[in-house]
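# What the coordinates show
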Amino acid sequence: MSNISRQTRETEISLALQLDGMGQTNLKTGVPFLEHMLDLFAKHGKFDLFVEAKGDTHIDDHHTVEDIAICLGQALREALGDKRGIRRYGNAFVPMDEALGQVVVDLSNRPHLEFRAEFPSEKVGRFDTELVHEFFWKLALEARITLHVILHYGKNTHHMIEACFKALGRALDDAVQIDPRVQGIPSSKGVL
């Protein structure tokens, strides 16, 4: 279990992540739509995820979403350790009704985000959809992973974002699995 805490003038975050979990969650963030997405991410990745966050949501959700992504990325990086024996790469397509999302990940130690998703609505409830990009970017940066998020199509913004978060969970689940055929670090360089 990786435990990360972060405190700023804008937020106070406590996060715990277990990669070989059962998809259990306990999420108290003050951002209901993000809680829904994190729950789906954990369930589809079979990760145990616990988040308690207090933020300046009276202004907007930006700082809380960003800082949770920072903490989740740090927890993922810590949980992976030296990455010995893992598959390293993961890919998942997830349909959500009319929407089709895909996430491809490389646990490369080279942070990069390719975000090919546009949403027809600026908000889902009170949640600003531009924060989806912010979440994935900060996650990739802090986890030091290469992350491609591709939304192939869709009409309903909620469904489109949901497909991306479910695909993230499934792609990461694939990438973090131990492969008995992998001897040592899965890189020709000998290090990730």
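Bear in mind that the values here come from a model prediction, so they are computed numbers and not experimental data.

## Quick word on the overall build of the protein
Along its length, the protein carries four helices and ten strands. When the helices and strands of the protein are read in sequence order from the N terminus, they spell out β-β-β-α-β-α-β-β-β-β-β-α-β-α. Taken against the 2.2 N^0.38 rule, which gives 16 Å for 192 residues, the C-alpha radius of gyration of the protein at 16 Å falls within 12% of a compact globule. Principal-axis analysis of the C-alpha atoms gives the protein an extent of 50 × 40 × 30 Å. Within the protein, the proportion of its 192 residues that are buried is 55%. In the protein, of all internal contacts separated by at least 6 residues, the share reaching a separation of at least 24 is 77%. With the model as given, the accessible surface of the protein reaches about 9,200 Å², and the carbon-plus-sulfur share is 47%.

## Observations regarding unusual backbone geometry
Phi angles above zero are rare outside glycine, and R88 is one such case at about 85°. Inspection of the secondary structure assignment puts R88 in the loop between α2 (62-80) and β5 (89-96). Looking at R88, the relative accessible area reads 8%, which means it is buried. The residue N109 is not glycine, and still its phi comes out positive at about 70°.

## So, the environment of K123
Tracing the sequence through the fold places K123 in strand β8 (residues 123-124). Here K123 falls in the partly exposed class, since its relative accessible area comes to 44%. Measuring from C-alpha to C-alpha, the distance between K123 and M96 comes to 18 Å, with 27 residues separating the pair along the chain. Not counting chain neighbours up to four residues away, the residues in contact with K123 comprise D128 and T129. A polar atom in the side chain of K123 sits 3.5 Å from the backbone oxygen of R126.

## Quick notes on the sheet that holds strand β7 (residues 112-116)
One key point about sheets: their strands pair by backbone hydrogen bonds, in either a parallel or an antiparallel sense. Taking strand neighbours across the sheet as the criterion, the four strands line up as β5-β6-β10-β7 in an open arrangement whose pairing is mixed. Two strands lie at the open edges of the sheet, namely β5 and β7, each paired on one side alone. Strand-to-strand, the axes of this sheet are offset by a mean angle of 10°, without reference to chain direction. Both β7 and strand β10 (residues 146-153) contribute to a ladder of five bridges, which runs parallel. Across the sheet, residue H112 finds its bridge partner in β10, namely T146. Against the sheet, helix α3 (residues 130-143) makes contact with β7 and β10, and its axis sits at roughly 155° relative to β7, the strand it touches most. In this fold helix α4 (residues 157-176) packs onto β5, β6 (99-106) and β10, with an angle of close to 150° to the strand it touches most, β5.

Procedures and definitions
- Residues numbered from 1 in each chain as written.
- Predicted model: local features only at pLDDT ≥ 70, side-chain atom pairs only at ≥ 80, totals over all residues.
- Heavy atoms only, no water.
- Helix = DSSP H or I, 4+ residues; strand = E, 2+ residues; numbered from the N terminus.
- Rg over C-alpha atoms; globule rule 2.2 N^0.38 Å.
- Buried < 20%, exposed > 50% of the residue type's maximum accessible area, 1.4 Å probe, protein only.
- Contact = heavy atoms within 4.5 Å.
- Areas by Shrake-Rupley, 256 points an atom, 1.4 Å probe, with all protein chains shown as cover.
- Polar contact = N/O pair within 3.5 Å; in protein donor to acceptor, adjacent residues only side chain to side chain.
- Pairing = 2+ DSSP bridges.
- Axes fitted to C-alpha atoms, helices over the stretch in contact; angles between N-to-C directions.

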